[in-house]
Amino acid sequence: MSVDPATLVAIVAMAVVTYLTRVTGFFIGDRLALRGRAKAAFDAIPPAVLVAVIAPTALATGWPETVTAAVTIIAAARLPLLATVAVGVLSVVALRSLA
């Protein structure tokens, strides 16, 4: 088995950039004094990334996953995290068995 040198360089470069991005966040994250709109924007990043990752899967795979996403969103508004995960897992299992 041979590895293309260009592919190997691309993988290593992406790994280095990803690592540096994460490490930089640790070093400068505590030094940022965010207020107002900047703080609101930074607070909105984690849920936005989560929705960007989950929404395509929930909407493109089939009706059981789409319904489960809606049920889980409703559960998340009322239940703690562990219960929300349990509701999501149980509902997707149940709906997939019906499909």
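For the structure itself, look to the data block above.
Quick summary incoming for the structure in this document.

### Overview of the pattern of salt bridges
Part 1: Counted under the stated rule, the structure contains two salt bridges.
Part 2: For the salt bridge of Asp-43 with Lys-39, the shortest nitrogen-to-oxygen distance reads 3.2 Å. Taken together, the residues span about one helical turn, with Asp-43 and Lys-39 both in helix H2 (residues 37-43) at a distance of four residues.
Part 3: Between Arg-96 and Glu-65 there is a salt bridge whose closest N-O contact spans 2.7 Å. Here Glu-65 lies in helix H4 (residues 63-78) and Arg-96 lies in helix H5 (residues 81-98), a separation of 31 residues in the sequence.

### Some points on H5
Part 1: The first and last C-alpha atoms of H5 sit 26 Å apart over 18 residues, in line with the 26 Å expected at 1.5 Å per residue.
Part 2: Among all positions of H5, only Thr-84, Gly-88, Ser-91, Val-92 and Leu-95 are buried. Along H5, the residues classed as buried sweep out an arc of 100° about the axis, all on the same side. In H5, those exposed residues whose orientation departs by more than 90 degrees from the buried face are Leu-82, Leu-90, Val-93 and Ser-97.
Part 3: Residues of H5 that are buried in the fold lie against H4.

Rules used in this analysis
Residues numbered from 1 in each chain as written. Predicted model: local features only at pLDDT ≥ 70, side-chain atom pairs only at ≥ 80, totals over all residues. Heavy atoms only, no water. Salt bridge = Lys/Arg side-chain N within 4 Å of Asp/Glu carboxyl O. Helix = DSSP H or I, 4+ residues; strand = E, 2+ residues; numbered from the N terminus. Expected span 1.5 Å × (residues − 1). Buried < 20%, exposed > 50% of the residue type's maximum accessible area, 1.4 Å probe, protein only. Arc of directions from axis to C-beta. Contact = heavy atoms within 4.5 Å.

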